[in-house]
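# Structural description and commentary
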Amino acid sequence: MDQGYQLLCLAKARRLLFLVGATVAIVIVVQYLEFPSSRVLVSLFSAVNTRSFMSRNSSTGSEALGNMTLSNGLNTTNTGILHETTDSDEASDDKKETAEVSKSEEKEGSPNNSNGSERKRGSSESFGLVSNETTSDDLANQDKNSTLNTINGSEEEKAMAPDASYINVDKDIAPISGRNRSSDADPGYPSSAPPMMNTFSNKTFSTDKNSSPMIFESSNTSSMRKDTAGALKRDENSGLLPNNYSMSTSGSLSSKVTAAKRKTSKKPPSRVISIHQMNELLRQSHASSSSVRPLWPSGVDQEMLFAKSQIENAPLIKNETRLYAPIYRNVSMFRRSYELMEKMLRVYVYQDGEKPIFHQPILDGIYASEGWFMKHMEANENFVTKDPGKAHLFYLPFSSRLLELTLYVRHSHSRTNLIEYMRNYAGMIAAKYHFWNRTGGADHFVAACHDWAPAETRGPLLNCIRALCNADIEVGFSIGKDVSLPETYVRSAQNPLKNLEGNPPSQRPILAFFAGNMHGYVRPVLLDYWGNKDPDMKIFGPMPHVKGNTNYIQHMKSSKFCICPRGHEVNSPRIVEAIFLECVPVIISDNFVPPFFEVLDWESFAVIVLEKDIPNLKNILVSISEEKYIEMHKRVKKVQQHFLWHSKPEKYDLFHMTLHSVWYNRIFRIRPA
């Protein structure tokens, strides 16, 4: 029996060894062939090995991880250097494209908000109200994706680089703010999409009546949107202070800017152009006559050269009642130019382009300026001509806001199809009409208020005169050619002049006031230095919503100076709000060209402070004597007439001032054929 038992045990042992050997063989085969299931074993073994390795070599492991981080950082840095050293300013803008679009969606609203509602822009951007904010984790994820896309090189960068021709900075970007949304619907982006059109390269276009808007197909264009009527409500946007925001006043300004950058991923400009340098750039632009020489002569050129001579030799004004000389660079030249515009100017308005992107103005919200100008320009009988041969200027009536609402694919982090759409439109105009080709588009102009307008008007449209709310030198705004369009928040299309009054200087006990969301990198620094630090400086984050925004309005009416810091972009509706409420604006936005810069002397009625001087803000304001302040307050009231939209245009109002600046800049860049 003992012998039999031993044989049995031996057989079982052999069987066990066979099973173990077979199992090992199967594992080896699976690993060799790399079946999906093998990943489990690899990860298990690697996890064990890694823990063992790190426990034995903690310092070596840290060094290895540090080298890995350094390597990634070098890749990113090299990419940035490549863009910064290129001759293409447009390529420089493309570098920031993905990050800017990501930030725009953050500004619009995050689907990860716990209550499902999305951020709105408008009353709170203007009035500092409270709403929901995108989390820092959301921003970090967006920034990570943006960095990866930048390093790898987006298709848009490749497509746009050949046409590069202007400077850009990564602005908070041109955020696509301002959609009214509900928690379960997105009226700005309906699910249906119109059929694609034939490519422009074939010079043929769709005649499908169901396809709206008219869309030029490009290889980069993804889905297109239509039926944007639901998005034509008032734009609104607000937000809360970041949860991790610190009110500490310790640390240098640079460290505070760095902390703000972590929240916004927006960097300060690489260069700062002071207001005095801007004045010099304007003088040089008007003196150089650097515009494209027409390919063939026209009678309108001689008319504009005559007007230029008349303006330069304008007689001195005497007994002018409506124009207060101290607020202008040269009131005599301005009045003469305005008179000649009323008498001579003829504008040809292109009828090409389908709604909603063309010929459909939005008359309320923070982008209303482009809509009101379009409405008045297309309906005007004094300036519009149907004979392009008599036209001094040619107007392209598109809405940058509706372009974004119609074509931008949410969460795509790409504006390629918007840019390509406008590029194709300009190409169609040039192919269909010879007027563009005579001057290369130098006598054409657009008026666009959305933050993305500088990018959308790239390529051939850069030759045009661009009236832009986002008048940022580092995103390609050209002083002396382009026009800074005021960003006006219109709350009622029926009554655009609402909230137009203010207290006299004697009833303004507050030295300085600001309240608003922490958009961009400047506002957190402003709040960090001055929030709840000084009784004379009423600097707040978002204010609780009160019906009619009376709390915010009363603070502006009771303040001598209203702080107007940049948000995501350089422009802000606060500047016009301050003028409406007769509060001296304090502009803190490097490289922002103030509205109607070619005509108005902003230093006479506003205070312009460099971002780096925020710590010294109170000293700057206190140094302004009471006598000087009273005069500045008077000038704010006098300049008010130039920032008003009327249901029917009136002399010297915002419509006429915008058209005049376009006319004025064109005159001073005209060159005989």
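Residues numbered from 1 in each chain as written. Predicted model: local features only at pLDDT ≥ 70, side-chain atom pairs only at ≥ 80, totals over all residues. Heavy atoms only, no water.

### Notes on the packing of helix α11 (residues 299-312) against helix α23 (residues 654-667)
Viewed as axis vectors pointing N to C, α11 and α23 meet at an angle of 95°, and their least axial separation amounts to 9 Å. Comparing the axis directions of α11 and α23 gives the class roughly perpendicular. Note on element contacts: α23 touches α11 through W663, Y664, R666 and I667, opposite M304, A307, K308 and I311. Grouping the constituent residues of the contact of α11 with α23 by class yields six nonpolar, no polar and two charged. (Axes fitted to C-alpha atoms, helices over the stretch in contact; angles between N-to-C directions. Helix = DSSP H or I, 4+ residues; strand = E, 2+ residues; numbered from the N terminus. Parallel < 35°, antiparallel > 145°, perpendicular 65-115°, else oblique. Contact = heavy atoms within 4.5 Å. Nonpolar A, V, L, I, M, F, W, Y, C, P; charged D, E, K, R; others polar.)

### Things to note about the confidence of the model for the chain
Per-chain confidence: the chain averages 74 in pLDDT, with 63% of residues scoring 70 or above. pLDDT under 50 marks residues 34-95. Its contacts with residues more than four places away, or in other chains, come to 56 contacts. Counting interchain partners and residues more than four positions distant, the pLDDT-below-50 stretch residues 105-251 has 454 contacts. (pLDDT = per-residue confidence, 0-100.)

### A word on the sheet that holds strand β5 (residues 483-484)
Read from one edge of the open sheet, five strands run β1-β2-β3-β4-β5, paired in parallel fashion. Two strands close off the open sheet at either side, each with one partner strand: β1 (347-349) and β5. In terms of strand pairing, β1 meets strand β2 (residues 393-395) through three bridges, oriented parallel. Paired with V347 across the strands is L393, a residue of β2. Each of β1, β2 and β3 (444-448) touches helix α13 (residues 368-379); the most contacted strand, β3, lies at about 135° to it. (Pairing = 2+ DSSP bridges.)

### Section: the environment of K612
The residue K612 is located in the loop between β10 (607-608) and α21 (617-622) in this model. The spacing of K612 and V522 is 90 residues in sequence and 9.4 Å in space, taken between C-alpha atoms. Within the local environment of K612, its side chain forms a polar contact with the side chain of D613, the two groups lying 3.3 Å apart. (Polar contact = N/O pair within 3.5 Å; in protein donor to acceptor, adjacent residues only side chain to side chain.)

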